[in-house]
Amino acid sequence: MHHILTKFSNHEGTPQDIALLERLCDMVKYTSLCGLGQSSPNAVVSTLRFFRDEYEARMLEMEGAR
Amino acid sequence: MTKTFKIDGIDVSAADDQTILQVARERGIFIPTLCYLEGLSFVGACRLCVVEIDGNPNPVSACATFPQEGMEVRTNTERLQGYRRLILEMLFAEGNHVCAVCVVNGHCELQWLANKLGMNYNSLENFNPAKKVDASHYRFAIDHNRCILCTRCVRVCDEIERAHIWDVMGRGVNSKVITELNQPWGESLNCTSCGKCINVCPTGALFKKSKAVAEMEKDTQFLRYFSNLWEVEK
């Protein structure tokens, strides 16, 4: 997760990364044994819900590259 | 007292000391596991055996949950398949699992399970961590690159052999199994060299020396009451 977030902060994210991030958060949240594991993805889930436009702004500019 | 409940719509009954996983195994219902081994205590570490229970938003691990009267358990929904797949991918990404050069290639539970669950590629990037190999023991060696931290070796050494030379050290991706107080295995005075840890290891992390690629076969018959999923399925 940290690795993917770093990609976004370096403007290297892709739409697949957002999908993977969502999958990872969902899996960690629902299969964890302890409360720490169940709640720690919430930080990322919240940013995805409220600041999704920022993720999208920090994606790799595919159109520009072509 | 016997409890009755449902697994995938099939009526089953369980004794007081039976977990959901044990009942499912008895009835031939497939639930993938890596850390669970019959005859040892359960830890619920690998999370592959997660099952859904009606009325409970969070899936629970079947190996560590005792059934309740009237429970309805589902073992193979699309959601669970997704979770299991991602858990497996994370296991592969976190270590250096290179089957082609592994001593247990073809006899590996992790490899078999990935095959069985249809994991044909890994959507996660490999960590490629720099992990060590300890070959100081005169008969056995441990390759931390292939360790998935199921703690089977820890439990078998503690509960069956009663030597307890294995333990887990560190946190998160930095955790690893250690012998004694993180001393080289060969210097351990308490290790009885019984080889139980070698044979319960689901991957090629623990292996006998002088075995080449794909030559190491686990002898799971040396402890008769152990039965792992792989053996049952075969």
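That block above? That's the structure.
Everything in this summary refers to the structure shown in the same document.

## As for the packing of helix 2 (residues 78–94) of chain B against helix 3 (residues 109–116) of chain B
Residue and element names in this part refer to chain B.
Thought 1: Running from N to C, helix 2 and helix 3 point in directions that differ by 140°, and their axes come no closer than 11 Å. Comparing the axis directions of helix 2 and helix 3 gives the class oblique. Here helix 2 runs over helix 3; the crossing is left-handed. Contacts from Leu88, Leu91 and Phe92 in helix 2 reach Leu110, Leu113 and Ala114 in helix 3.
Thought 2: Residue composition of the contact of helix 2 with helix 3, grouped by class: six nonpolar, no polar and no charged.

## Overview of the packing of helix 2 (residues 15–31) of chain A against helix 2 of chain B
Thought 1: Relative orientation of the contacting elements helix 2 of chain A and helix 2 of chain B amounts to 100°, with a least axis distance of 10 Å. It follows that helix 2 of chain A is roughly perpendicular to helix 2 of chain B by the angle criterion. For the pair helix 2 of chain A and helix 2 of chain B, the contacting residues are A:Arg23, A:Leu24, A:Asp26, A:Met27, A:Tyr30 and A:Thr31 in the first and B:Arg79, B:Tyr83, B:Arg85, B:Leu86, B:Ile87, B:Glu89 and B:Met90 in the second.
Thought 2: When the residues that make up the contact of helix 2 of chain A with helix 2 of chain B are grouped by side-chain class, the tally is seven nonpolar, one polar and five charged.

## Focus on the pairing of strand 9 (residues 176–179) of chain B
All names here are of chain B.
Thought 1: Two strands pair when backbone bridges link them, and strand 8 (residues 166–169) and strand 9 are joined in this way by four bridges, in the antiparallel orientation. The partner of tryptophan 166 across the bridge, within strand 9, is threonine 179.
Thought 2: Linking two consecutive strands that pair antiparallel, namely strand 8 and strand 9, is a turn of six residues; a positive phi of about 85° is found at glycine 170 within it.

## What about the interface of chain B and chain A?
Thought 1: Listed per partner, the contact involves 15 residues of chain B and 12 residues of chain A.
Thought 2: For the pair chain B and chain A, the summed buried surface comes to about 1200 Å²; carbon and sulfur atoms form 60% of the total.
Thought 3: Here chain B is connected to chain A by one salt bridge.
Thought 4: A salt bridge links A:Lys7 to B:Glu125, with the shortest nitrogen-to-oxygen separation between them at 4.0 Å.
Thought 5: Where chain B touches chain A, the interface holds three residue pairs in polar contact (both at pLDDT 80 or more).

## Some points on empty space enclosed by the protein
All names here are of chain B.
Thought 1: Counted under the stated rule, the structure contains four cavities of 30 Å³ or more.
Thought 2: In this structure, the largest cavity spans a volume of roughly 90 Å³.
Thought 3: Lining the largest cavity are 15 residues, and of these Cys147, Cys150, Cys153, Cys201 and Leu206 lie nearest its centre.
Thought 4: When grouped by side-chain class, the residues that make up the lining of the largest cavity number 12 nonpolar, two polar and one charged.

## Considering the sheet that holds strand 7 (residues 140–143) of chain B
Residue and element names in this part refer to chain B.
Thought 1: The strand order across the open sheet built from three strands is 6-7-10, with neighbouring strands paired in antiparallel fashion. One side of each edge strand has no neighbouring strand; the edge strands of this open sheet are strand 6 (133–134) and strand 10 (206–208).
Thought 2: In terms of strand pairing, strand 7 meets strand 10 through three bridges, oriented antiparallel. In the sheet register, isoleucine 142 faces strand 10, and the bridge partner there is leucine 206.

About the thresholds
Residues numbered from 1 in each chain as written. Chains lettered and ligands numbered in written order. Predicted model: local features only at pLDDT ≥ 70, side-chain atom pairs only at ≥ 80, totals over all residues. Heavy atoms only, no water. Axes fitted to C-alpha atoms, helices over the stretch in contact; angles between N-to-C directions. Helix = DSSP H or I, 4+ residues; strand = E, 2+ residues; numbered from the N terminus. Parallel < 35°, antiparallel > 145°, perpendicular 65-115°, else oblique. Left-handed = near helix turned anticlockwise from the far one by under 90°. Contact = heavy atoms within 4.5 Å. Nonpolar A, V, L, I, M, F, W, Y, C, P; charged D, E, K, R; others polar. Pairing = 2+ DSSP bridges. Buried area = accessible area lost by both parts, 1.4 Å probe. Salt bridge = Lys/Arg side-chain N within 4 Å of Asp/Glu carboxyl O. Polar contact = N/O pair within 3.5 Å; in protein donor to acceptor, adjacent residues only side chain to side chain. 1 Å grid on protein atoms, 1.4 Å probe; cavity = no way out; pocket = protein on both sides within 12 Å on 5 of 7 lines; lining within 4 Å. Points joined across faces, edges and corners; volume = space filled by probe spheres on them.

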